[in-house]
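Structural features, examined
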Amino acid sequence: MNFRKIKVLETIRQGQIGGGESHVLDLVKGLNKDIFEPVVLSFTHGPMVDQLKAMGIKTYVVETLKPFNIATYNAVKQILKDEEIDILHAHGTRSLSNTIFPAKSLGLPIVYTVHGWSFHQDQPFHIRRVRELSEKFLTDQVNVTISVSKSNQRDGLERFNMKRSQVINYGIDLNRFNPAKPMNDLRQELGIVPGKTVVGYLVRMTVQKDPFTLIRAVAEVAKKTRDVQFLFIGDGDLKQASVDLARELNVSDMITFHPFRTDIPEVLNTFDIYTLPSLWEGLPIGMLEAMGMQKAIVATPVDGTKEAISEGQNGLLVPCKDHVALANAIIRLHENPELRKVLGAAARKTVEDTFDVKMMVRNNENLYQRQMPMLQVAA
């Protein structure tokens, strides 16, 4: 009797690369290919899809930007049948909402990873309530819900008594995000003036990541020193508004805006300080990558962030929407290179101990095997 591989369909809402998409790339790359055969479904095209195909991973795209889009049902079901999928692993609300019904019609086990809930405190009450009810419906239907932070798991348990859940933290490829490795020097290319402290902001510029508070913090920093240069790297809904605000506050000369890049370790290597003033998070994978690169972190104490960062030990935490506190933390690190070094070393140690990609992959593999015992076929 021979064993056949367990086929897992990993689904994600988009092909652009963000935290969830980076997680899918790492998970698919790390799975034991002697036991598992991953297939990926994205609901838009983008660089993640290109990278997966370059890795030799069979990848499908079913175009939609909408959740619960019934028009995707037949296409998704056909993929599940044609690929003889054994387990559906949906990453994020939108991907689950567009795959759960065809998967259930075929009787497949369903795993749902929450990369931050679709509801959050900045939403009007009625919208937040509808999203909470949607998440309750979805989590009730799946075999197991994975939270990437204890905070997210607690929110699900408190709001709708989430069934069958466990925490699996993100993991970082410590070989790729290794400051000891030789890397290209991007400082000249990114327009960095020699001798200045570089503060990096590497995100999709959306309400969640709160770029406006950071720009207001830049204006506060400018009152004391202009020997700090800010790199805003990424795109997003608020990018143009961020450019406009920088101009309005007369700090355009202190901020350099760049589009998204894929050479993330090299970009992080140019930073002295990594900042993330988010209003909510699941567990920010970009911050973990910066920690792996031994960067001094300034972040807000939201959700999974405060599980990874301990104030004054491996980073600095400041209140949400407090641009003065954010500016003061940046100035403190600018004036104290030794503190940056100490915090960065401790941040790297935290990732090594708790957020290693090998640990993350192994935990997912164990979960898959509990949901679907090893399949057997005749020799």
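Summarised in this report is the structure supplied together with it.

The rules behind each value
- Residue numbering note: each chain is counted from 1, following its sequence as written.
- This being a predicted model, a pLDDT of at least 70 is required before a residue's local features are given, and a value of 80 or more before pairs of side-chain atoms are given or counted; all residues contribute to the totals for chains, interfaces and linings.
- Side-chain measures here rest on the full set of heavy atoms in the structure, leaving out hydrogens and waters.
- What counts as a helix is a DSSP run of H or I of at least four residues, what counts as a strand is a run of E of at least two, and both are numbered from the N terminus.
- Each radius of gyration is computed over the set of C-alpha atoms, and the globule rule expresses the reference value as 2.2 Å times the number of residues to the power 0.38.
- Each residue is assigned to one of three classes by its accessible area relative to the maximum for its type, calculated with a 1.4 Å probe on protein chains only: buried under 20%, partly exposed between the two thresholds, exposed over 50%.
- In short, Shrake-Rupley with a 1.4 Å probe defines the accessible areas, and a residue's cover is counted only from the protein chains shown.
- Here a pair means two rings of Phe, Tyr or Trp (six-membered ring of Trp) with centres within 6.5 Å. Their orientation is stacked below 30 degrees between planes, edge-to-face above 60, and tilted elsewhere.
- Put simply, a salt bridge is a Lys or Arg side-chain nitrogen that is within 4 Å of an Asp or Glu carboxyl oxygen.
- In this analysis, strands are considered paired if DSSP registers two or more bridges between them.
- Where helices are involved, their axes are fitted lines through C-alpha atoms of the stretch in contact, as for all axes, and angles between N-to-C directions lie from 0 to 180°.
- Nonpolar core, defined: a set of buried Ala, Val, Leu, Ile, Met, Phe, Trp, Tyr and Cys residues in which side-chain atoms within 4.5 Å join the residues together.
- Should any heavy atoms of two residues lie within 4.5 Å, those residues are counted as being in contact.
- Surface patches are drawn from residues lacking salt bridges whose relative accessible area is over 30%; two like charges belong together within 9 Å, two nonpolar side chains (Val, Leu, Ile, Met, Phe, Trp, Tyr) within 5 Å.

1. Observations concerning the overall build of the protein
- From N to C terminus, the protein includes 15 helices and 15 strands.
- The C-alpha atoms of the protein give a radius of gyration of 21 Å, which matches the 21 Å a tight globule of 379 residues would have.
- The principal-axis extents of the C-alpha atoms in the protein amount to approximately 70 × 50 × 35 Å.
- In the protein, which comprises 379 residues, the proportion classed as buried is 56%.
- Of the accessible surface of the protein, which amounts to about 16,200 Å², a share of 49% is contributed by carbon and sulfur atoms.

2. Concerning the packing of aromatic side chains
- Under the defined criterion, the tally for this structure stands at 7 aromatic pairs.
- Arranged with centres 5.5 Å apart and planes meeting at 15°, the rings of Trp117 and Phe119 form a pair that is stacked. Both residues of the pair, Trp117 and Phe119, count as buried.
- Here the aromatic rings of Phe119 and Phe160 are separated by 6.2 Å at their centres, their planes lie at 85°, and the arrangement is edge-to-face. On the criterion of sequence distance, the pair formed by Phe119 in the loop between strand E6 (110-114) and helix H6 (125-141) and Phe160 in helix H7 (residues 150-160) is long-range, its members being 41 residues apart. Here Phe119 and Phe160 have matching classes, each one buried.

3. Section: the pattern of salt bridges
- One pass over the structure, following the stated rule, counts 20 salt bridges.
- Between Lys209 and Glu281 there is a salt bridge, with its nearest N and O atoms 2.6 Å apart. Taken together, the residues Lys209 in the loop between strand E9 (197-202) and helix H8 (211-224) and Glu281 in the loop between strand E12 (273-276) and helix H11 (285-292) connect sequence positions 72 residues apart.
- We classify Lys209 as buried; its relative accessible area is 13%.

4. Looking at the sheet that holds strand E4 (residues 59-61)
- An order of E4-E3-E2-E5-E6-E7-E8 is seen for the 7 strands of this open sheet, with the pairing classed as parallel. Strands at the two margins of the open sheet, each flanked by one partner only, are E4 and strand E8 (165-167). Across the sheet, the mean angle from the axis of one strand to that of its neighbour is 20°, orientation sign disregarded.
- Sheet analysis places strand E2 (residues 6-12) next to strand E3 (residues 36-42), joined by 7 bridges and oriented parallel. Bridge pairing in E3 places Leu9 opposite Val39.

5. Let's talk about the nonpolar core
- With 64 residues, the main nonpolar core has Phe230, Leu268, Phe271, Tyr274, Met287, Leu288 and Met291 as its most contacted residues.
- In terms of residues, this core owes the most to one element, H8, which gives 7 residues.
- Those residues in contact with Tyr274 that sit more than four places away from it in its chain are Gly200, Leu202, Leu268, Gly286, Met287, Ala290, Lys295, Ala296, Ile297 and Val298.
- One finds Leu9, Val39, Phe160 and Met162 within the second-largest nonpolar core, a separate group that totals 24 residues.

6. Comments concerning the pairing of strand E5 (residues 87-91)
- E5 sits mainly inside the fold: 5 of its 5 residues count as buried.
- In E5, alternate side chains face the same way, and those of Ile87, His89 and His91 on one face and Leu88 and Ala90 on the other are all buried.
- Across 5 bridges, E2 lies against E5 in parallel orientation. By the bridge assignment, Thr11 is partnered in E5 with Ala90.

7. Topic: a nonpolar patch on the surface
- On the surface, a nonpolar cluster with roughly 260 Å² of combined accessible area is contributed by Phe68, Phe101 and Phe137.
- In this fold, Phe137 is placed in helix H6.

Nothing here speaks to function; it is geometry throughout.
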